[in-house]
Amino acid sequence: MLLDDLSNREAGVPFMAPTPDEAAGPPVDARVVRTRNDILRTAVDVLVDQGLDAITHPHLAEAAGYSRATLYNHWPTRNALLRDAFLARGSGEHSTPTGDLRADLIAELTKFRSEMEQHRIHRALAVLVAITATDPELADVRDKLVADGEHVLRDLLAPVLAGPELEAAVLLLSGAV
């Protein structure tokens, strides 16, 4: 467990797991992890509050309280920073299934709505969708977040639906239709 996992949970943001390169290499200094988490959390906040145009290295450096060199060292491009910010945030928390399909669906959709309202993530996701419409570089991030968000619905419905009916129900409940 990373040292600043508690501070991230207190801030309502999941901690950022080490990148595959970091996980394979020597241990990562806790200060580096904290710095990355601070900046990524700030990037999501700025994106939600001020929009995509505010996501610049100088502005985020000032907002997060770090140097521009630190941001450029970790993320040479805005898309690299956005990629990590979205992946660090993830698709949000999910409910715990109880075995009652109706109650589980209501709980999952309520949890999803709560995550959207509490963290205002709908704004960030709208930006991600708009970016990927013209710049496919972040499409895999969008697809991963969608898949992560839909897997619980798919798992809940799989015992009673299959094939096209299952896919239609997942798309309908996830808002894709």
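Each value, and the rule that gives it
Residues numbered from 1 in each chain as written. Predicted model: local features only at pLDDT ≥ 70, side-chain atom pairs only at ≥ 80, totals over all residues. Heavy atoms only, no water. 1 Å grid on protein atoms, 1.4 Å probe; cavity = no way out; pocket = protein on both sides within 12 Å on 5 of 7 lines; lining within 4 Å. Points joined across faces, edges and corners; volume = space filled by probe spheres on them. Helix = DSSP H or I, 4+ residues; strand = E, 2+ residues; numbered from the N terminus. Nonpolar A, V, L, I, M, F, W, Y, C, P; charged D, E, K, R; others polar. Contact = heavy atoms within 4.5 Å. Axes fitted to C-alpha atoms, helices over the stretch in contact; angles between N-to-C directions. Parallel < 35°, antiparallel > 145°, perpendicular 65-115°, else oblique.

Participant: Is there a simple way to think about empty space enclosed by the protein in this case?
Facilitator: Left-over empty space is what a probe sized like a water molecule reveals as it rolls over the atoms. Counted under the stated rule, the structure contains one cavity of 30 Å³ or more. Around the largest cavity sit Val-44, Phe-86, Arg-89, Gly-90, Ile-121, Ala-124, Leu-125 and Leu-145, which together line it. Where the lining of the largest cavity is concerned, the elements lending two or more residues are α6 (78-89) and α8 (121-134). Looking at which element gives the most residues to the lining of the largest cavity, the answer is α8, with three residues. A per-class count over the lining of the largest cavity returns six nonpolar, one polar and one charged.

Participant: I keep staring at the side chain of Thr-42 and nothing clicks. Help me out?
Facilitator: Secondary-structure assignment places Thr-42 in helix α3 (residues 30-50). Sequence-distant contacts of Thr-42, that is, excluding residues within four places in its chain, are made with Leu-60, Ala-63 and Ala-64.

Participant: Sorry if this is basic, but what is going on with the packing of helix α7 (residues 101-119) against helix α9 (residues 139-157) here?
Facilitator: Packing of α7 against α9 leaves a shortest axis separation of 10 Å and a crossing angle of 175°. Between α7 and α9, the angle is such that the two are roughly antiparallel. When α7 is examined against α9, the residues Leu-101, Asp-104, Leu-105, Glu-108 and Leu-109 are found in contact with a partner set consisting of Val-152, Leu-153, Leu-156 and Leu-157. Of the residues in the contact of α7 with α9, the class split is seven nonpolar, no polar and two charged.

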